[in-house]
Amino acid sequence: METAASVLEIREPFVTESGVTLPALSIAYHTFGKLNPQRSNAIWVCHALTANSDVADWWPHTVESGRFLDPERYFIVCANVLGSHYGTTGPLSVNPVTGEPYYNDFPTITVRDMVRVHMLLARHLGIEHVELLIGSSLGGFQCMEWAVMQPDFARRLVLIATTPVSRPWAAAFNESQRMCLEADATYGERCPDAGMAGMAAARSIALLSYRGGRAYDLTQADTDNARPDGYPLKRRVHSYQRHQGDKLCNRFNAYSYHRLSQAVDAHDVGWNRGGLESALSSIKARTMVIAIKGDILFPPSDHRELVEYIPDCEYHEIESDFGHDGFLIEYEILDRLIKGHLAR
């Protein structure tokens, strides 16, 4: 499999929707496979909140021969989002004006900012159209924004476990996580490990929304009923929550987490476009929407407007014991559905 990890350096200013100018941009991205001479075999994957541009790293059994992200057949591109921690310009990047990292001075960003950065990369790669634009969760936000901003870019669109507008329920989880970050006395310090205790606590809250009660009850039940220490003050799930918080701290930073969660909350594909119906009805791509029945973060009801307003749209609900995280785990059924969509 031909794989490349690259960084595109853009030495021109980029103005965010908040009106702040970034003097330059770095865009980290991965590609898999080869672009054919007709430039007609590209698939663009947009990743979720704390993922990176290496799709094969975080989406198991998808970038494989015979799968829907087949690198022998397609040229697969994934770019790290603006504000993230994996190579694209973000809070730990050096501000060329000051010579120091941005840290908490990094501006607020939106999903539309992320997509505009993707567009710069697509132009650099010479990709005017893709066969498929696909994303889950925050990745789905990016895909639907792109399909509205450039209706002729994607021939096909797949939106998984996502929503056209961030609703109060999801935003409440994110605000609670930001409260954890801001309650950490080190948050705001100009150092890369600021806010780590807060981010660990924030991640434990996020996991509740990603998995839901059924997943926890299935995977974190206590197996040892013999409790030599008496009353069961320690539970298996306690160590799981702390372990997951530590895992994120080992690979991410609190300032990126804060900014990306704000971008999630600001998401509204209908904003300044006459509302959801007006925006979504402009999508030209042949679309598949996939919801997960056990998803408590973006439940099937959150997908209603997508199905109702996108002109050429088919809808599927899949079962998963793992809630929102089912988009990472139920790769077999996703492979079947998406390959069927590509063959229509």
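Shown above is the structure to which this text applies.
Residues numbered from 1 in each chain as written. Predicted model: local features only at pLDDT ≥ 70, side-chain atom pairs only at ≥ 80, totals over all residues. Heavy atoms only, no water.

## Here's the deal with the sheet that holds strand β12 (residues 313-318)
Two orientations exist for strands paired in a sheet by backbone hydrogen bonds: parallel and antiparallel. Strands sit in the order β1-β4-β6-β5-β9-β10-β11-β12 across an open sheet of eight strands; the sheet is mixed. Looking at which strands have only one partner, the edges of the open sheet turn out to be β1 (3-10) and β12. Taking the axes of each pair of neighbouring strands and ignoring which way they run, one obtains an average angle of 20° across the sheet. Where strand β9 (residues 130-136) lies against strand β10 (residues 154-160), six bridges are found, and the strand directions are parallel. Residue pairing across strands places isoleucine 134 opposite valine 158, the latter belonging to β10. Each of β1, β4 (25-32), β5 (42-46) and β6 (75-79) is contacted by helix α2 (residues 111-125), which is oriented at about 60° to β4, the strand it contacts most. (Pairing = 2+ DSSP bridges. Helix = DSSP H or I, 4+ residues; strand = E, 2+ residues; numbered from the N terminus. Axes fitted to C-alpha atoms, helices over the stretch in contact; angles between N-to-C directions. Contact = heavy atoms within 4.5 Å.)

## Points about the pairing of β5
Within β5, five of the five residues are buried, which leaves it mostly tucked inside the rest of the structure. Direction of pairing for β5 relative to β6: parallel, over a ladder of four bridges. By the bridge assignment for β6, isoleucine 43 is matched with isoleucine 76. Where β5 lies against β9, four bridges are found, and the strand directions are parallel. Each residue of the ladder has a partner; that of cysteine 46, found in β9, is glycine 135. (Buried < 20%, exposed > 50% of the residue type's maximum accessible area, 1.4 Å probe, protein only.)

## A few points about the side chain of threonine 50
Mapping threonine 50 onto the fold places it in the loop between β5 and α1 (55-58). For threonine 50, a relative accessible area of 8% puts it in the buried group. Here threonine 50 is in contact with Tyr86, Arg203, Leu248, Arg251, Phe252 and Tyr257, once residues within four sequence places are set aside.

## Considerations on unusual backbone geometry
In most cases, non-glycine residues show a negative phi, while peptide bonds are predominantly trans. The backbone of arginine 39 sits at a positive phi, close to 55°, despite the residue not being glycine. Within the element layout of this structure, arginine 39 appears in the loop between β4 and β5. Take arginine 39: its relative accessible area is 43%, and that puts it in the partly exposed class. Here the phi dihedral of histidine 61 falls at roughly 55°; this positive angle occurs in a residue that is not glycine. Considering the arrangement of structural elements, one finds histidine 61 in the loop between α1 and β6.

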